[in-house]
Amino acid sequence: MEITLPLFALGCLFGLVNIWMFQGLIDWAITSRFMDDPVKGKILSTLLAYMLGALTYLALSDLWLGFVLYIPGALLIGFLEVRKGARMQQTALDSDETATFE
């Protein structure tokens, strides 16, 4: 099977959507409930979403191409989610009244 550039771009776009959905579900169901640090939780949920997406692609198509196709989506979603986690952490530190009086 020959992979052309439009097919590769479509696979990367599908990978982005797949990683976004898996990361949101994993973050909501697992890491937001058990992780104290939001940044570490976002990183862990993005890594788990990447592995789950790539292994799902491998199981369904018997090709290792999913590990390559999902990297751009995982990097983009990971970058955005780490920034979101840092903002959440900063908001929590700013609203912490005990840190203000120390």
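Residues numbered from 1 in each chain as written. Predicted model: local features only at pLDDT ≥ 70, side-chain atom pairs only at ≥ 80, totals over all residues. Heavy atoms only, no water.

(A) Summary view of the packing of helix α2 (residues 38-61) against helix α4 (residues 71-94). Between α2 and α4, the shortest axis-to-axis distance is 8 Å and the interhelical angle comes to 160 degrees. Taken together, the axis directions place α2 and α4 in an arrangement best described as roughly antiparallel. Crossing angle aside, the handedness with which α2 passes α4 is right-handed. Here P38, V39, K42, I43, T46 and Y50 of α2 lie close against α4, whose contacting residues are I71, A74, G78, E81, V82, K84, G85, A86, M88 and Q89. A class-by-class count of the residues in the contact of α2 with α4 yields nine nonpolar, four polar and three charged. (Axes fitted to C-alpha atoms, helices over the stretch in contact; angles between N-to-C directions. Helix = DSSP H or I, 4+ residues; strand = E, 2+ residues; numbered from the N terminus. Parallel < 35°, antiparallel > 145°, perpendicular 65-115°, else oblique. Left-handed = near helix turned anticlockwise from the far one by under 90°. Contact = heavy atoms within 4.5 Å. Nonpolar A, V, L, I, M, F, W, Y, C, P; charged D, E, K, R; others polar.)

(B) Region of interest: the nonpolar core. One finds I19, Y50, F67, L69 and Y70 to be the most contacted residues of the largest nonpolar core, which totals 13 residues. Where this core is concerned, the elements lending two or more residues are α1 (5-34), α2, α3 (66-69) and α4. Looking at this core element by element, the count peaks at five residues for α2. Each residue touching Y70, except ones within four places of it in the same chain, is listed here: G11, F14, G15, N18, I19, Y50, G53, A54 and Y57. (Core = buried A, V, L, I, M, F, W, Y, C linked by side-chain atoms within 4.5 Å. Buried < 20%, exposed > 50% of the residue type's maximum accessible area, 1.4 Å probe, protein only.)

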